Amino acid sequence: MIRRVFIALAFCLTALPAVAEDVVIFAASSLKTALDEVTEGLPVRISYGGSGLLARQIILGAPADIFFSANEVWMDAAQDAGAIRPESRVELLSNALVIVGHKVVPFEDLLASDGRVATGLIASVPVGIYAKAYLERAGHWDAMAPRIVETDSARAALALAARGEVPFAVVYASDAAAEPAVHVIHVLPELPDQPIRYPVALTASAGPAADVVMEVLQSDAASADYAAHGFGLP
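My aim in this report is to walk through the structure given alongside it, one point at a time.

The rules we used
Residues numbered from 1 in each chain as written. Predicted model: local features only at pLDDT ≥ 70, side-chain atom pairs only at ≥ 80, totals over all residues. Heavy atoms only, no water. Helix = DSSP H or I, 4+ residues; strand = E, 2+ residues; numbered from the N terminus. Polar contact = N/O pair within 3.5 Å; in protein donor to acceptor, adjacent residues only side chain to side chain. Contact = heavy atoms within 4.5 Å. Phe/Tyr/Trp six-rings, centres within 6.5 Å; stacked < 30°, edge-to-face > 60°. Buried < 20%, exposed > 50% of the residue type's maximum accessible area, 1.4 Å probe, protein only. Pairing = 2+ DSSP bridges. Axes fitted to C-alpha atoms, helices over the stretch in contact; angles between N-to-C directions.

**Considerations on the side chain of Ser30**
With respect to the secondary-structure elements, Ser30 resides in the loop between strand 1 (23-28) and helix 2 (32-38). At 2.8 Å, the side chain of Ser30 forms a polar contact with the side chain of Tyr198. What Ser30 contacts, discounting residues up to four positions off in sequence, is Ala70, Ala154, Arg155, Tyr172, Ser174, Asp175, Tyr198 and Phe231.

**Let's talk about the packing of aromatic side chains**
Under the definition given, this model contains 3 aromatic pairs. Relative to Phe231, the ring of Tyr198 lies with its centre 5.4 Å away and its plane at 85°, an arrangement referred to as edge-to-face. With Tyr198 in strand 10 (residues 197-202) and Phe231 in the segment after helix 11 (220-228), the pair connects residues that are 33 residues apart, well separated along the chain. For Tyr198, a relative accessible area of 0% puts it in the buried group. Aromatic pair Tyr226 and Phe231: ring centres 6.5 Å apart, planes at 80°, arrangement edge-to-face. Each member of the pair, Tyr226 together with Phe231, is buried. Among the aromatic residues, ring-to-ring pairing joins Tyr172, Tyr198, Tyr226 and Phe231 into one connected group.

**Some words on the sheet that holds strand 5 (residues 97-101)**
Ordered by their spatial adjacency, 5 strands build an open sheet running 7-6-8-5-9, and the pairing between neighbours is mixed. Looking along the sheet, the strands with just one partner apiece sit at the ends: strand 7 (148-151) and strand 9 (183-188). Shown here is a sheet whose adjacent strand axes are inclined to one another by a mean of 30°, direction ignored. Bridge count for strand 6 (residues 117-120) against strand 8 (residues 168-172) is 2 bridges, and the pairing is parallel. Within strand 8, the residue paired with Val117 across the bridge is Phe168. Across the face of the sheet, helix 6 (residues 126-137) comes into contact with strand 5, strand 6, strand 8 and strand 9 while running at roughly 110° to strand 8. Of the strands in this sheet, strand 5, strand 6, strand 7 and strand 8 touch helix 8 (residues 154-162), which is tilted by about 145° from strand 8.

Rendered as C-alpha cells:
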C-alpha cells in the first residue's frame, strides 16, 4: 500500500513541467536509513551530512530544494540568512540520545573506564552539541572530555563504534536501531530546554516539485516509516 502511494506521488511529480531534474534534499546523516525508505521511488537526490555543514552550504547558495536538519539552531541560521521559506518550515521529528557499544556494560563502568567515546563535533554537529550539553548537566563532562572523539556526523560516530575503532559512541536512538553491530548501553534523558527536534523546510530556491516531496515527507505513511526506524513525533 505504501509503495503504491509513493509511486502515485512520483507520477504526479513527473507530470510537473519543472521536473527536468531530481528534487535535491540536504538531510542530516542520522536520517539516512529512514529517509531512503520514505523517498524510495521518488525522483529525488539526497545529500547527507552534518546539519551545520549542510546549512552553511545552503546559505552559500548550494543547489538544494529541501533542508531537513537534525536541530533547530541550524534551521534558524538558514532562515535568518533568507535561505529557506519560513512558511514551509515544519518541526517534523524527535529523537533521543543513546550511548552504544559492542558490549552492554553498566553506565558506571563506562564512566570509570578510559575507553574513547565518539560523537559529532561538539561545536557544530547537533549530536555532539546535545551530547556535550547532557554530559555537562550530569557532571560528567570534565571526566569524559579527554576521551571524546569528534566526527563530522552522527553516522560517522556510529561507524567508528560499529567497526570497533572506539568502544563507545554517543549517537541517536535511530542510529542505534540501524546498526546491528552495536548495543544500547544507556539512554540519555532529554534536556527540557534542548529537545532533539528535526525541522524540515523548502529552500528559497526550491522548485514546484519540491512541494509534492514535502507532502510525502509529512504523510502518514512516512510517519510510520520514521517510527519504525526509531524516530518520534514531537
